[in-house]
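# Residue-level structural notes
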Amino acid sequence: MADSSKKMQIVFASAECAPFVKTGGLGDVAGSLPAALVRAGAEVIVMVPKYATIKDEYKAQMEHFSDFYVSLGWRNEYCGLEKLEHDGVTYMFIDNERYFARDYPYGFFDDGERFAFFSKAITESLQHLPEGFECDILHCNDWQTALAPVFLREFYQGLPLYERVKTVFSIHNVAFQGQFSDTVMEDILGVAHIPAAATQLRCDACSINYMLGALHYADAITTVSPTYAGEIQTPEFGEGLDGVLRERSYALQGILNGIDVAGFDPATDKRIAANYTVDDRSGKAVCKAKLQEELGLEVRDDRPLMVMVTRLTRQKGMDLVMYALDRILAGGVQVAVLGTGDRDYEDGLRYFQDKYPGTMAARIEFDPALSQRMYAAADMFLMPSKFEPCGLSQIIAMRYGTLPIVRETGGLKDTVQPYNEFTGEGTGFSFSNFNGDEMGDAVFRAARLFWDNREAWNQLVTQAMSQDFSWTRSADKYLDLYFFMHPEIERPAAVEAAEAVEEPVAAEAEPAAPVKEPAAAKESKAEEKPAAEAEVKPAAKPAAKKTTARKTTAKKATTTKAAASKTTAAKATTTRKRTTAAAKKAAEAEAAHEVKDEAAEAKPVAKAPAKTPSKKTTAPKTATAKKATTTKSTTTKATTTKATAKMTPKVAAKPAVKVEEAGAEPKAEAAIEAKPAAKTTARKRATTTAKKTTTKAAAPKAEAKVEEKPAVKAEPTPKTAEVKAAPKAKAKTESAKEAPVSPAAPAEEKAPTKKTSVRKATTARKRR
């Protein structure tokens, strides 16, 4: 049973986390996702190395929480926990100056040892967390924390505190796997003597792979977009890990990243020249003019400005940019690029800047403030990545009303909907293949829309700015995964609000069935009224009944199934009490005329009322229509009788006999006279129906039952006599017509036989 008092408690481990330390998208995720999880009702502790590059203002806010020693191979390393509360999230910084007091997070010869220590410190620190915090989910990110699931399973699994811990591993970029010499396995990791760990970490004869270990040991694997989750299972994008990813595809899913919508808001951003909103974008023109002036470009609002904020690497599509940039600049599109990377790409951008002054601007540097101004000022954002796990730049660009031009891969395909010129749908432009000409075509598709159809362009900008890429949506999907792994923990009310709203709707639908019970009760009372009143109701809609006899009868039979099945027992009990005395009087009246005929008559008569409890609505209302209908009408009723009889309990046969007897009391004489006609008509119609509907299974059975008894074959003329008979006799006759076709006839015949015996005994005693 779910525990409503306990919250989901998550330890989120990452090698970087904004705003403390950030080199890429991982820092943005670690800085935003935990806060969204806290808002959704979870308790989260984020674990990050205490780098020397963290600003002093944050270091001053840290308080020493705990310290202990971590065994790493033959080493025993100091580990301190520095606690910091920031924006409602608890951060624990792993303190070890030997490993982390450096001027940059990565890129050192001992990175394998540094992040093996970080992973071991994470698992060890689960014993030293604040009081009341027992880790349910250990969420690790990228290769820097990939050994934590391995250590947890191999060294800590038997301890009571670790039994409930489930591990989730997120792949942010499968290209960075953490491969090192296999000497690390014994000297640093200390797992060479464990065959399972040694086998599942080794990627070749002399190397081990940290990420490979996490893929084998983690309980669940996620990546940062659904499309990327499928791509990395192929040799083209799997970077050698596609085999194990296909093997564990059942545990792999893609959850799209979000952005900090409050931090990236053009309406409140103080880093841009002028603020603007979706409805009033006049400030964006000001931002464009200011940026053109700042970068030395021609200040013109009639030329589209396309920007790139990226690492200058092949993965980011710089090969395509170098190929098509000459064509793009010559075509009248202004281009501005910000970033650092490979020297060849840097030199190429400087060349084009010199060749096209006033049209091309290259800033080979890392400047977050300038990148923000470029997002806000540009008309288009170019991102032709060879592969892209998720990508945040295109999302930020759309947030600022800058239309992205992307290659359809990974998260770019999931986040950017290509423009459809016929429907006007879309949030940007895209191309499929890693091809420079295709990229150039996509750029000029956007430029032509900017020049030729400004109204459609503005609508596209509005659609892009209206997209929801908040972390709330992503956090809900992560919580779905967490609660799936811990079903004993009850989800917070805030998360279940949407489900609670749907429950009243289902509750309101339920009273629909009981509504029919009072109606059925009224119908049972209506049987006691004079037969003249019973005739008034069917006379209301005679024409409709004739033309739509088949559809109406079937529909009503279906509608009354639920009510009939529920109220049959109640009506049976009530009817027994009301008709006990009437049965005796009816027996006396029938004694003189029907002693010899009772045995043959009992079964057809019993079948007629058996139909009544489950189809009281249909039988009275169609009384008038049946007078004029031919054998086709009888066939339709027989079909309906089959469907209804299946729902009628066998017990209904007993009270049904009494129902007839109660109705027979006021007009016993009329009933006695009408019964032979009803019998004859019923037998005749049943025989005719059985012949015409030979494909039905129940009809031949009913015909056989009728022929076993001493049947009196009469001409069709008794139908006229039946019409002229007493009103009560009509209702009985019609019920008798339908009854022989009922598939439940064999079950209903036994009960009336007992009643017949009682009647004979009673009659014999009175005669004596």
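Now for a description of the structure that goes with this document. Keep in mind that this is a model prediction, so the values were computed, not measured. (Residues numbered from 1 in each chain as written. Predicted model: local features only at pLDDT ≥ 70, side-chain atom pairs only at ≥ 80, totals over all residues. Heavy atoms only, no water.)

## Topic: the sheet that holds strand S8 (residues 179-181)
Read from one edge of the open sheet, three strands run S8-S10-S9, paired in antiparallel fashion. Edge positions in the sheet fall to S8 and strand S9 (202-204), since each has one partner strand and no second. Looking at each pair of strands side by side, their axes are set apart by 40° on average, direction ignored. As defined by bridge partners, S9 adjoins strand S10 (residues 207-209) across two bridges and the pair is classed as antiparallel. Bridge pairing in S10 places Arg202 opposite Ile208. The sheet contacts of helix H8 (residues 210-217) involve S8, S9 and S10, and relative to S10 the element is tilted by about 50°. (Pairing = 2+ DSSP bridges. Helix = DSSP H or I, 4+ residues; strand = E, 2+ residues; numbered from the N terminus. Axes fitted to C-alpha atoms, helices over the stretch in contact; angles between N-to-C directions. Contact = heavy atoms within 4.5 Å.)

## Thoughts on the pairing of strand S5 (residues 89-95)
The buried fraction of S5 is high, at seven of seven residues. Residue alternation in S5 divides its side chains into two sets, Val89, Tyr91, Phe93 and Asp95 and Thr90, Met92 and Ile94, and both sets are buried. Strand direction decides the pairing type here: strand S2 (residues 43-49) and S5, joined by five bridges, are parallel. Residue pairing across strands places Met47 opposite Met92, the latter belonging to S5. Summarising the sheet, strand S4 (residues 75-86) and S5 pair through seven bridges and their orientation is antiparallel. Pairing of Glu82 across the sheet is with Phe93, part of S5. From the end of S4 to the start of S5, which pair antiparallel, there are two residues, and Asp87 there has a positive phi angle of about 55°. (Buried < 20%, exposed > 50% of the residue type's maximum accessible area, 1.4 Å probe, protein only.)

## Brief notes about the side chain of Gln292
As for its position among the elements, Gln292 is in helix H12 (residues 282-295). Gln292 sits in the buried class, given a relative accessible area of 2%. At a separation of 3.4 Å, a polar atom in the side chain of Gln292 contacts the main-chain carbonyl oxygen of Glu298. In this structure the side chain of Gln292 is engaged in a polar contact, spanning 2.7 Å, whose partner is the side chain of Gln334. Other than its neighbours up to four places away in sequence, Gln292 contacts Leu297, Glu298, Val299, Arg300, Leu305 and Gln334. (Polar contact = N/O pair within 3.5 Å; in protein donor to acceptor, adjacent residues only side chain to side chain.)

## Describing the packing of helix H13 (residues 318-330) against helix H18 (residues 436-452)
Put simply, H13 and H18 touch, their axes get as near as 9 Å, and they point 45° apart. The angle between H13 and H18 falls in the class oblique. Judged by the sense of rotation from one axis to the other, the crossing of H13 with H18 is right-handed. On H18, the residues touching Leu320, Val321, Tyr323, Ala324, Arg327 and Ile328 of H13 are Gly436, Asp437, Met439, Gly440, Asp441, Val443 and Phe444. Broken down by class, the residue content of the contact of H13 with H18 amounts to eight nonpolar, two polar and three charged. (Parallel < 35°, antiparallel > 145°, perpendicular 65-115°, else oblique. Left-handed = near helix turned anticlockwise from the far one by under 90°. Nonpolar A, V, L, I, M, F, W, Y, C, P; charged D, E, K, R; others polar.)

## Overview of the side chain of Lys6
Inspection of the secondary structure assignment puts Lys6 in the segment before strand S1 (9-13). Side-chain polar atoms of Lys6 contact the side chain of Gln9, separated by 3.2 Å. Within the structure, the side chain of Lys6 is placed 2.7 Å from the side chain of Asp136, a separation counted as a polar contact. Those residues in contact with Lys6 that sit more than four places away from it in its chain are Glu134, Asp136, Arg164, Ile489 and Glu490.

## Brief notes about the packing of H12 against helix H15 (residues 368-377)
Helix-helix packing: each pair is described by the crossing angle between the helix axes and the interaxial distance. The N-to-C vectors of H12 and H15 enclose an angle of 130°; their axes lie 8 Å apart at closest approach. Viewed along their axes, H12 and H15 adopt a mutual orientation that is oblique. Crossing geometry of H12 relative to H15 is assigned as left-handed. Side by side, H12 and H15 meet where Lys284, Cys287, Lys288, Leu291, Glu294 and Leu295 of the first sit next to Leu370, Arg373, Met374, Tyr375, Ala376 and Ala377 of the second. For the contact of H12 with H15, a count of residues per class yields eight nonpolar, no polar and four charged.

## Observations regarding the sheet that holds S4
Overall, mixed pairing links the nine strands, which are arranged S3-S4-S5-S2-S1-S6-S7-S11-S12 in an open sheet. Of all strands in the sheet, those with a lone pairing partner are strand S3 (63-72) and strand S12 (252-254), marking the two edges. When strand polarity is set aside, the average angle formed by the axes of neighbouring strands in this sheet is 25°.

## Quick look at the pattern of salt bridges
Scanning the model with the defined rule gives 27 salt bridges in all. Among the ionic pairs, Arg271 bridges to Asp269, the shortest N-O distance being 3.1 Å. Among the residues examined, Arg271 registers a relative accessible area of 39% and is labelled partly exposed. Arg300 is paired through a salt bridge with Asp302; the nearest N and O atoms lie 3.0 Å apart. Overall, the relative accessible area of 35% leaves Arg300 in the partly exposed class. Overlapping salt bridges, with partners in common, bring together Arg75, Glu77, Arg98, Glu113 and Asp187 in one network. (Salt bridge = Lys/Arg side-chain N within 4 Å of Asp/Glu carboxyl O.)

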